[in-house]
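# Architecture and fold: a report
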Amino acid sequence: MTHTLPRRALLAAAPLVAAPSVLRAQGPNATQARLLVIGGGFGGATAANFARRTYPWLDVTLVEPKRHFVTCPYGNLVLAGTRQIGQITHGYDGLRARGVRVVHDWATGIDAAARRVRLAGGETLTYDRLILSPGIALRWGAIEGYDEAASEIMPHGWVPGDGAQTLLLRRQLEEMPDGGVVGLAIPANPFRCPPGPYERISMIASYLKRHKPRSKILALDAKEAFSKQGLFQDAWAQLYPGMIEWVPSNRDGKVTKVDARERVLETEFGTRHKVAVANVIPPQSAARIASEAGLTDQSGWVPVNPRTFESRVAPGIHVVGDANIPGPMPKSGYIANSTAKQAVASAAALLRGETPPEAVYFNTCYSHVGEDYGISIVGVFRPNAEGTAIAEVQGSGGVSPRGNLPEQRKLEALYADAWYDSITKDMFA
């Protein structure tokens, strides 16, 4: 449930705490301004690293409970068996070497008016600007019968954590007999990584084709269309003929109930599908700390200023990553990286009493569909003239061309690997 923020109190208190921050940053002998980052994923790790590299006068602290970060991108390749979980697991020593104070603890509460964050271990951290990148929460119960206990039988694999959910799904695929049916439940928009479920279908199909070729995939979708749809479906017909059945919502594809013990997925009109392995990706919202701090609206996500990614209701808190409402931009790792840099640059400017830099955001999203077969979508986004919303720059975006283009597909698979290497170095090195 979303809590109501005492907005009047917050807005009244903000100028009183903002002024000393500017003084600390501007004076020739001033102490460093304090930038606190919560969340060590694509948004938070990028923000901490970028802040130390670009604004050495900032004192940067990162709060992240886990000692290692397992990426959601490339988790589907672990399912295919072409990557190991260790290859998508990253530590924080690189950030420490840059001078970031890394605190492995849970942030349990934000006092936006006093600019303080409570930690589970008892420490309280103060800040001049906060970058909040908490990620998503799975909406347990949004699908009847699907809760944390059910996810140990029907894994979601959508919040990597320590990698256990990804490895559980991988193990279930390995143990499934040839000829079994893998069922996927895919949520309606918005959710983390819009092309992700369809890359997952592809990577599971790649594994089944090599090891259990009589098996099938039943993809039950709460939507009627999806990102890069034509490209995905072209590839499925070419690489995995007869193996994948995609059922959109207008053909009773929306899963509304599960029976984890019987491994049954039940759809909106009561059709029951018994499967050998079930991967349920439930509806999502911003992580709990954002809702408990009163930052979310009725949608369950955080509205932000499109120029600075500062919260609409809590001055001094910039919300990046998958937790915010990004307009037409997807909830992707690349967007988290891009918006984190703009948020840090804006925070630094505001701490100095300057105007934040002009905003421009970039996205490239690669998907592996098969061995040596990659596709992509790109886009450039800017705030509108009024600064009230974000729009895609006309003519800036596009998707891979359709057709029989094996060299193009091979190159895009290589580009995808290079993208992963470069963005994770940008976050952690």
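I will try to describe carefully the structure that is included in this document. Remember, it's a predicted structure, so these values are computed and weren't measured experimentally.

## Structural notes on the packing of helix H6 (residues 164-175) against helix H7 (residues 196-211)
The packing of two helices is summarised by the inter-axis angle and the distance between the axes. At a minimum axis separation of 11 Å, H6 and H7 run at an interaxial angle of 35°. Classified by chirality, the crossing of H7 by H6 is right-handed. Contacts between H6 and H7 involve Leu-169, Arg-170, Leu-173 and Glu-174 from the former and Arg-200, Ile-204 and Tyr-207 from the latter. Tallied by class, the residues present in the contact of H6 with H7 amount to four nonpolar, no polar and three charged.

## Description of empty space enclosed by the protein
Gaps between atoms show up when a probe of the same size as a water molecule is rolled over them. Applying the stated rule across the entire model yields one cavity of 30 Å³ or more. Estimated volume of the largest cavity: approximately 30 Å³. What lines the largest cavity is Gly-321, Asp-322, Asn-324, Pro-326, Pro-330, Lys-331, Ser-332, Ile-335 and Ala-336. A per-class count over the lining of the largest cavity returns four nonpolar, three polar and two charged.

## A closer look at the sheet that holds strand E13 (residues 244-247)
Taking strand neighbours across the sheet as the criterion, the four strands line up as E13-E12-E11-E17 in an open arrangement whose pairing is parallel. The outermost strands of the open sheet, each flanked by one partner alone, are E13 and strand E17 (277-280). Ignoring which end each strand starts from, the neighbouring axes of this sheet average 15° apart. Alignment of strand E12 (residues 216-221) against E13, held across four bridges, turns out to be parallel. Counted as the bridge partner of Ala-219 is Trp-246 from E13. In this fold H6 packs onto strand E11 (181-186) and E17, with an angle of close to 155° to the strand it touches most, E17.

## Remarks on the pairing of strand E2 (residues 58-63)
For E2, a buried count of five out of six residues is recorded, marking the element as mostly surrounded by other parts of the structure. In this structure, strand E1 (residues 33-38) lies alongside E2, joined through six bridges in parallel fashion. Looking at the pairing, Arg-34 lines up with Asp-59 of E2. Chirality of the crossover, the property in question, places the unit of E1, helix H2 (residues 42-54) and E2 among those that are right-handed. Where E2 meets strand E5 (residues 101-103), three bridges bridge the pair, whose relative direction is parallel. Residue Leu-62 lies in a different strand from E5, and its bridge partner there is Val-102.

## Considering unusual backbone geometry
It is generally the case that most residues other than glycine have a negative phi and that most peptide bonds are trans. Here the amide bond leading from Asn-189 into Pro-190 is cis, since omega sits at -5°, within 30 degrees of zero. Within the secondary structure, Pro-190 sits in the loop between E11 and H7. Non-glycine residue Asp-252 carries a positive phi angle of around 70°. Taking the relative accessible area as the measure of exposure, Asp-252 reaches 12% and is therefore buried. For Arg-263, which is not glycine, the phi dihedral falls at a positive 55°. Position of Arg-263 relative to the elements: it lies in the loop between strand E14 (255-259) and strand E15 (264-267). Owing to a relative accessible area of 26%, Arg-263 belongs among the partly exposed residues under this scheme.

## Description of helix H8 (residues 229-239)
Residues of H8 that are buried: Gln-229, Gly-230, Leu-231, Phe-232, Ala-235, Trp-236 and Leu-239. Its buried side turned inward, H8 meets H7, E13, strand E20 (361-370), strand E21 (373-383), strand E23 (398-399) and helix H11 (406-428).

## Observations regarding the sheet that holds E15
Across the sheet, which stays open at both edges, the three strands sit in the order E14-E15-E16 with antiparallel pairing between neighbours. Whereas interior strands pair on both sides, the edge strands pair on one side only; in this sheet they are E14 and strand E16 (272-274). Recorded for the sheet is a direction-independent mean angle of 25° between the axes of neighbouring strands. In the sheet, E14 pairs with E15 via four bridges, with the strands oriented antiparallel. The residue of E15 that forms the bridge with Lys-257 is Glu-266.

Criteria and cut-off values
- Residues numbered from 1 in each chain as written.
- Predicted model: local features only at pLDDT ≥ 70, side-chain atom pairs only at ≥ 80, totals over all residues.
- Heavy atoms only, no water.
- Axes fitted to C-alpha atoms, helices over the stretch in contact; angles between N-to-C directions.
- Helix = DSSP H or I, 4+ residues; strand = E, 2+ residues; numbered from the N terminus.
- Left-handed = near helix turned anticlockwise from the far one by under 90°.
- Contact = heavy atoms within 4.5 Å.
- Nonpolar A, V, L, I, M, F, W, Y, C, P; charged D, E, K, R; others polar.
- 1 Å grid on protein atoms, 1.4 Å probe; cavity = no way out; pocket = protein on both sides within 12 Å on 5 of 7 lines; lining within 4 Å.
- Points joined across faces, edges and corners; volume = space filled by probe spheres on them.
- Pairing = 2+ DSSP bridges.
- Buried < 20%, exposed > 50% of the residue type's maximum accessible area, 1.4 Å probe, protein only.
- Right-handed = clockwise from strand over helix to strand, strands pointing away.

Just distances and angles here, no functional claims.
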